[in-house]
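# A look at the structure
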Amino acid sequence: MTDLLLNPAFYSADEFRRRAGHQNGDPIEIASADHGDHRLNPGILTHVQGLRLKDAAVLVPVVDDADGAKVILTQRTASLRKHSGQIAFPGGGVDPEDGSVEMAALREAEEEIGLARRFVEPVGRLPDYFAATGFRITPVLSVVQRGFELKPNPGEVAEVFEVPLAFLMDPANHETGSREWNGTVRHFYRMPYGDWNIWGITAGILRTLYERLYA
């Protein structure tokens, strides 16, 4: 198995597409509590489901590179009202005219970082992520072909960068931490990469991706 993990083909976009094709989301009662940082916070789903949730979608953009796939991530601007300054996938609220979470994720990626949808192939969905800030987030898994030119929206995105999929899917890089939020201690994953501190919702989704596709 170790030799397989060292093989770039194991973390290729083609292999990601094959594995992601089996992921179509799951009913709440089956999947969400058993993955990612929901597992670290017993009772969080009960709390969040009691809130008035807003539907959101994020694009998990896996770039097709011969030396191993890369994942596009953003750093949100410090001026945003929620999750300011944090590392995030491109995404946002689902609008009625979107028609699907896939279309919402594609639209948001275009608006936030200028990723033209003609380069993006949606290939699956992870189970919904329930955020204590009041969002039901559907992660849309996608393969992105090179040739795109990114143009970050300065009102939403401070930086755009890429991280090797192999790094993010290595459990040795998955740390855990905790902090108090609204009087309750919340536990989370973090995946430090260079100068970037990937944590919170984004790290929780990436941990779910690892558990569902690569564990």
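Quick caveat: nothing in here was measured; it's all calculated off a predicted structure. (Residues numbered from 1 in each chain as written. Predicted model: local features only at pLDDT ≥ 70, side-chain atom pairs only at ≥ 80, totals over all residues. Heavy atoms only, no water.)

### Brief notes about the packing of aromatic side chains
- Inspection of every chain in the model, using the stated rule, returns seven aromatic pairs.
- Pairing Phe 10 with Tyr 11 gives two aromatic rings, centres 4.9 Å apart and planes at 85°, and the pair type is edge-to-face. Neither residue differs from the other here; Phe 10 and Tyr 11 are each classed as buried.
- Ring plane angle 65° and centroid distance 4.9 Å describe the contact between Phe 167 and Tyr 193, whose orientation is recorded as edge-to-face. On the criterion of sequence distance, the pair formed by Phe 167 in helix H5 (residues 165–168) and Tyr 193 in strand S10 (residues 184–193) is long-range, its members being 26 residues apart.
- Taken together, the ring pairs in this structure connect Phe 10, Tyr 11 and Tyr 214 into an aromatic cluster. (Phe/Tyr/Trp six-rings, centres within 6.5 Å; stacked < 30°, edge-to-face > 60°. Buried < 20%, exposed > 50% of the residue type's maximum accessible area, 1.4 Å probe, protein only. Helix = DSSP H or I, 4+ residues; strand = E, 2+ residues; numbered from the N terminus.)

### Some points on the packing of helix H2 (residues 13–20) against helix H6 (residues 200–214)
- At a minimum axis distance of 10 Å, the contact between H2 and H6 shows a crossing angle of 85°. Taken together, H2 and H6 sit at an angle that is classed as roughly perpendicular. Each of Phe 16, Arg 19 and Ala 20 in H2 lies in contact with H6, whose residues at this interface are Leu 209, Leu 213 and Tyr 214.
- Partitioning the contact of H2 with H6 into residue classes produces five nonpolar, no polar and one charged. (Axes fitted to C-alpha atoms, helices over the stretch in contact; angles between N-to-C directions. Parallel < 35°, antiparallel > 145°, perpendicular 65-115°, else oblique. Contact = heavy atoms within 4.5 Å. Nonpolar A, V, L, I, M, F, W, Y, C, P; charged D, E, K, R; others polar.)

### Looking at the side chain of Thr 138
- Note that Thr 138 resides in strand S7 (residues 135–144).
- If we skip the residues at most four places from it in the chain, Thr 138 touches Ala 56, Ala 57, Val 58, Val 101, Arg 125, Leu 126 and Asp 128.

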